[in-house]
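Tertiary structure, described
Chain by chain, the residues run as shown.
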Amino acid sequence: EDQVTQSPEALRLQEGESSSLNCSYTVSGLRGLFWYRQDPGKGPEFLFTLYSAGEEKEKERLKATLTKKESFLHITAPKPEDSATYLCAGYVNAGGTSYGKLTFGQGTILTVHP
Amino acid sequence: DAGVIQSPRHEVTEMGQEVTLRCKPISGHDYLFWYRQTMMRGLELLIYFNNNVPIDDSGMPEDRFSAKMPNASFSTLKIQPSEPRDSAVYFCASSLLGGSIAFFGQGTRLTVV
């Protein structure tokens with residue numbers, strides 16, 4: 001069964017304290033790894049897509065990386081407005097078809113204190 | 001574009017009642033997804049459509065759940081009869097290609113009492 005596991009479940013940082021979130025996956029036929037941000041009461045908002053091991057994407061204070069078994073979301077000098085739940089998702093084959101679908105991890109709740 | 005629009009934003013209903021959730025995808029998008037989010041199980045894919053045709057409904061929990069997409073600009077998720085364990089936030093999302101960015105709506109928070 002395809003699985004996407006995120007750690008830690010929750011992370012509290014002081015403003016400016018850099019850290020990383022982990023997303024490990026055991027899926028067959030990974031076609032892409034997605035990162036989303038979700039604010040309370042809202043739907044997930046797309047951040048990055050990574051397609052091959054070694055690939056990196058950056059956006060402001062966030063950088064996503066991908067290996068053959070996991071992905072990291074690095075947060076450099078975070079600010080309180082970076083507080084949110086960060087979700088990763090594996091884009092995998094939908095069984096028996098040529099289509100694909102996203103399988104989400106449980107998310108990491110990030111809180112950045114001023 | 002206004003993004004993916006879901007209605008209602010909140011729904012409180014009694015056990016046994018029929019519930020219909022609605023979604024308008026982004027114009028031009030040919031994939032539409034229904035997800036359910038709970039604290040225990042996270043974000044789960046229920047069903048998705050391509051060009052209005054259901055492709056994968058393996059995530060639909062049971063026969064009480066049904067989804068339709070009568071045209072490219074409208075989809076419904078129906079629960080009949082509803083049960084307290086159906087309480088969750090239901091999201092609709094759409095994308096232009098199956099593997100591309102999925103844009104999510106604001107969700108419908110369903111409470112079944």
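Structural data are supplied above this passage.
For the structure given in this document, a descriptive report is provided here. (Residues numbered from 1 in each chain as written. Chains lettered and ligands numbered in written order. Predicted model: local features only at pLDDT ≥ 70, side-chain atom pairs only at ≥ 80, totals over all residues. Heavy atoms only, no water.)

1. Re the overall build of chain A
Across its full length, chain A carries 0 helices and 11 strands. Element order for chain A, N to C, with α for helix and β for strand: β-β-β-β-β-β-β-β-β-β-β. Since a compact globule built from 114 residues should have a radius of gyration of about 13 Å, the 14 Å found for chain A is in line with a globular shape. Over its C-alpha atoms, taken along the principal directions, chain A stretches across nearly 50 × 30 × 20 Å. When contacts within chain A are restricted to residue pairs at least 6 apart in sequence, those whose partners lie at least 24 apart make up 55%. Accessible surface for chain A amounts to roughly 5700 Å². Of this, 48% is attributable to carbon and sulfur atoms. On chain A, the mean spot of the 12 positive side-chain charges and the mean spot of the 14 negative ones are 4 Å from each other. (Helix = DSSP H or I, 4+ residues; strand = E, 2+ residues; numbered from the N terminus. Rg over C-alpha atoms; globule rule 2.2 N^0.38 Å. Contact = heavy atoms within 4.5 Å. Areas by Shrake-Rupley, 256 points an atom, 1.4 Å probe, with all protein chains shown as cover. Lys, Arg positive; Asp, Glu negative; His and termini not counted. Charge placed at Lys NZ, Arg CZ, Asp CG, Glu CD.)

2. Concerning the interface of chain A and chain B
With 18 residues of chain A at the interface, the matching set in chain B holds 24 residues. When chain A packs against chain B, the two sides together hide about 1600 Å² of surface, and 54% of this comes from carbon and sulfur. Seen at the junction of chain A and chain B, the total is 1 salt bridge. One salt bridge in this structure joins D56 of chain B and K101 of chain A, with 3.3 Å as the shortest N-O distance. (Buried area = accessible area lost by both parts, 1.4 Å probe. Salt bridge = Lys/Arg side-chain N within 4 Å of Asp/Glu carboxyl O.)

3. A word on the sheet that holds strand β6 (residues 56-59) of chain A
All names here are of chain A. Spatially, the 5 strands line up as an open sheet ordered β1-β3-β8-β7-β6, and their pairing is antiparallel. Two strands close off the open sheet at either side, each with one partner strand: β1 (3-7) and β6. Averaged over all pairs of adjacent strands, the angle between their axes in this sheet comes to 15°, without regard to strand direction. (Pairing = 2+ DSSP bridges. Axes fitted to C-alpha atoms, helices over the stretch in contact; angles between N-to-C directions.)

4. With respect to the sheet that holds strand β1 (residues 5-7) of chain B
All names here are of chain B. The strand order across the open sheet formed by 4 strands is β1-β3-β8-β7, and the pairing between neighbours is antiparallel. Each end of this open sheet is capped by a strand with a single partner; those strands are β1 and β7 (65-71). This sheet shows a mean twist of 15° between the axes of neighbouring strands, independent of strand direction. As paired elements, β1 and strand β3 (residues 19-24) share 3 bridges and run antiparallel to each other. Bridge pairing links I5 to K24 in β3.

5. Points about the side chain of T108 of chain A
All names here are of chain A. Mapping T108 onto the fold places it in strand β11 (residues 108-113). The class for T108 is buried, based on a relative accessible area of 0%. Within the structure, the side chain of T108 is placed 2.6 Å from the backbone oxygen of P8, a separation counted as a polar contact. For T108, the residues in contact, after removing those within four places along its chain, are Q6, S7, P8, E9, L11, L21, A84, T85 and Y86. (Buried < 20%, exposed > 50% of the residue type's maximum accessible area, 1.4 Å probe, protein only. Polar contact = N/O pair within 3.5 Å; in protein donor to acceptor, adjacent residues only side chain to side chain.)

6. Here we look at the environment of H74 of chain A
All names here are of chain A. Within the fold, H74 resides in strand β8 (residues 70-75). If we skip the residues at most four places from it in the chain, H74 touches S19, S20, R61, L62, K63 and T65. Among the polar contacts made by the side chain of H74, one reaches the side chain of T65 at a distance of 3.4 Å.

7. A look at the nonpolar core
In this structure, W35, L73 and Y86 of chain A are the most contacted members of the largest nonpolar core, which totals 23 residues. A per-element tally of this core places strand β9 (residues 84-93) of chain A first, with 4 residues. Listed in part, the 21 residues of the second largest apolar core include I47, A67, L110 and V112 of chain B. (Core = buried A, V, L, I, M, F, W, Y, C linked by side-chain atoms within 4.5 Å.)

8. A closer look at the pattern of salt bridges
Within this structure, the stated rule accounts for 13 salt bridges over all chains. For the salt bridge of K57 of chain A with E55 of chain A, the shortest nitrogen-to-oxygen distance reads 3.6 Å. The exposure class assigned to K57 of chain A is partly exposed, which follows from its relative accessible area of 31%. Classification of E55 of chain A as buried rests on a relative accessible area of 19%. The salt bridge partner of K78 of chain B is E18 of chain B, with a shortest N-O separation of 3.8 Å. Linking K78 of chain B in strand β8 (residues 74-79) with E18 of chain B in the loop between β2 (10-13) and β3, this pair joins segments that are 60 residues apart in sequence. For E18 of chain B, a relative accessible area of 45% corresponds to the partly exposed category. The network of salt bridges with common partners includes E62, R64, E83, R85 and D86 of chain B.

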